[in-house]
Amino acid sequence: MSELIKLLGGTATAWPLAVRAQTAQPVVGYLAQGSPEGTADTVQLRAFRLGLKSSGFVEGQNVVVEYRWAEGRNDKFPALLADLIGRQVAVIVAPTTPAVLAAKTATNTIPIVFFTAGDPVDLGLVTSLNLPDRNLTGATTLTLEVGPKWLQLLHDTVPSATSLALLINPTSPNLAETQARDMQAAAHASGLQLHVLRASTVADLDTVFASIAQLGAGGLVISSDSFFFGQSKQLAMLAVRHAVPTIFGFREFVTAGGLMSYGGSLTESFRWVGIYTGQILKGAKPADLPVQRSTKIELFINLQTAQALGIEVPPTLLTRAEDVIE
């Protein structure tokens, strides 16, 4: 009997879930970068659960989701993944670029469903979006493509600014270096000076905002990095405190008090992450599920923050916005 149990444990991740479900509910490992206090009930997680439900799985009823929280520390991912793999999860959900890169290193057999703001092909996650051909699939957005648009929107809002700043996370080199290069080119084409600032810890953020005034930058663009997403409230607070007009890629920044955001729909992307997780639980292979690329771009503006900063947002932007917080 012990040999049979050992055999079952060693091959569980390769079995169709229809067989496993006869003895236990399937287990999904969710590798979160934040903390349960800040991200346990976000729009993204709700969208993920809706996607799961549309595929026939409801958390707590016929599927177990094991959450592991890195609390903003990418170096914790290997240990968290080892724990999930030891738990014999059927699918690993990796909703950030650092998480999926760590998951890819940890296993080449357990299916991984990811969300990344970067290009999955450039990151080496898949060979092509249409044919992943590995144990990974998921969703992505038009993050890199909209980067230069951030500069334009911010400059349209603060037309007197001749220089702007860009905040990147140096611990995410794939995304940071590409965005910095593209944004520098866009700034040069628009006749703007762009100062590249770096932060990878919460303590770095105070230093960044303190330096913006010293540099004479008239506004700040925050790159779409998962660390910054987890610090949306802190970034919004610092931007208001230091009176810095700021644009980010995520709506959470605006609802927390930031000036504006422009980027792909995370709700749409995370719904696909949930859908694909459910389909894999039903027996689908990641290699047969094309990476979904959200093309929906959303603009959100916090008019209260604009008024507090003494900024008059152009009417053309207000009419284009999906939502304006007044």
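I will try to describe carefully the structure that is included in this document. This one's a predicted model, so the numbers in the text were calculated from it and none came from an experiment.

Turning our attention to the overall build of the protein. Each helix and strand counted, the protein has 15 helices and 13 strands in total. Expected size for 326 residues packed as a compact globule is a radius of gyration near 20 Å; at 21 Å, the protein falls within 12% of this value. Projected onto its principal axes, the C-alpha positions of the protein cover 75 × 35 × 35 Å. A buried classification covers 52% of the 326 residues belonging to the protein.

Here we come to the sheet that holds strand β11 (residues 292-294). Taken together, the six strands give an open sheet; going across it, the order is β2-β1-β3-β4-β5-β11, and neighbouring strands pair in parallel fashion. The sheet is open, and its two edges are formed by β2 (64-69) and β11, each paired on a single side. The mean angle between the axes of side-by-side strands here comes to 15 degrees, regardless of whether they run parallel or antiparallel. With three bridges joining them, strand β1 (residues 27-32) and strand β3 (residues 91-94) adopt parallel strand pairing.

Quick look at the pairing of strand β6 (residues 163-168) now. Extensive coverage of β6 is indicated by the burial of six of its six residues. The pairing of β6 with strand β7 (residues 193-198) spans six bridges and is classified as parallel. Paired with Ala 165 across the two strands is His 195, which belongs to β7.

Time to look at the environment of Asp 119. Relative to the elements of secondary structure, Asp 119 occurs in the loop between β4 (112-116) and β5 (136-141). Taking C-alpha positions, Asp 119 is 21 Å from Val 196, a pair spaced 77 residues apart along the chain.

Once that is clear, we can look at the pattern of salt bridges. Counted under the stated rule, the structure contains ten salt bridges. Between Arg 73 and Asp 75 there is a salt bridge, with its nearest N and O atoms 2.8 Å apart. Beyond isolated ion pairs, a larger network of salt bridges with shared partners links Glu 66, Arg 68, Asp 83 and Arg 87.

Glancing now at the sheet that holds strand β12 (residues 297-302). Picture the strands of a sheet paired through backbone hydrogen bonds; they go either parallel or antiparallel. Taken in spatial order, the seven strands line up as β7-β6-β8-β9-β10-β12-β13 in an open sheet, and their pairing is mixed. Of all strands in the sheet, those bounded by a partner on one side alone are β7 and β13 (323-325). For this sheet, the mean angle separating the axes of adjacent strands, direction not counted, is 20 degrees. Here β12 runs beside β13; their pairing, made up of three bridges, is parallel. The residue bridging Asn 302 from the neighbouring strand is Ile 325, located in β13.

Below, the discussion takes up the packing of aromatic side chains. Applying the stated criterion to the full structure yields nine aromatic pairs. With 5.4 Å between their ring centres and 55 degrees between their planes, Phe 227 and Phe 228 make a pair best called tilted. Phe 228 shares its class with Phe 227; the two are buried.

Here the focus is the nonpolar core. In this structure, Tyr 30, Leu 167, Phe 209, Phe 228 and Leu 235 are the most contacted members of the largest nonpolar core, which totals 50 residues. Considering each element in turn, this core owes the most residues, seven residues, to helix α13 (residues 266-281). When residues no more than four places from it in sequence are discounted, the contact partners of Leu 167 are Leu 197, Arg 198, Ala 199, Leu 205, Val 208, Leu 220, Val 221, Ile 222, Ser 223, Phe 228 and Leu 235. Membership of the second largest hydrophobic core comes to 31 residues, among which are Val 146, Leu 154, Met 183 and Val 313.

Rules of the game
Residues numbered from 1 in each chain as written. Predicted model: local features only at pLDDT ≥ 70, side-chain atom pairs only at ≥ 80, totals over all residues. Heavy atoms only, no water. Helix = DSSP H or I, 4+ residues; strand = E, 2+ residues; numbered from the N terminus. Rg over C-alpha atoms; globule rule 2.2 N^0.38 Å. Buried < 20%, exposed > 50% of the residue type's maximum accessible area, 1.4 Å probe, protein only. Pairing = 2+ DSSP bridges. Axes fitted to C-alpha atoms, helices over the stretch in contact; angles between N-to-C directions. Salt bridge = Lys/Arg side-chain N within 4 Å of Asp/Glu carboxyl O. Phe/Tyr/Trp six-rings, centres within 6.5 Å; stacked < 30°, edge-to-face > 60°. Core = buried A, V, L, I, M, F, W, Y, C linked by side-chain atoms within 4.5 Å. Contact = heavy atoms within 4.5 Å.

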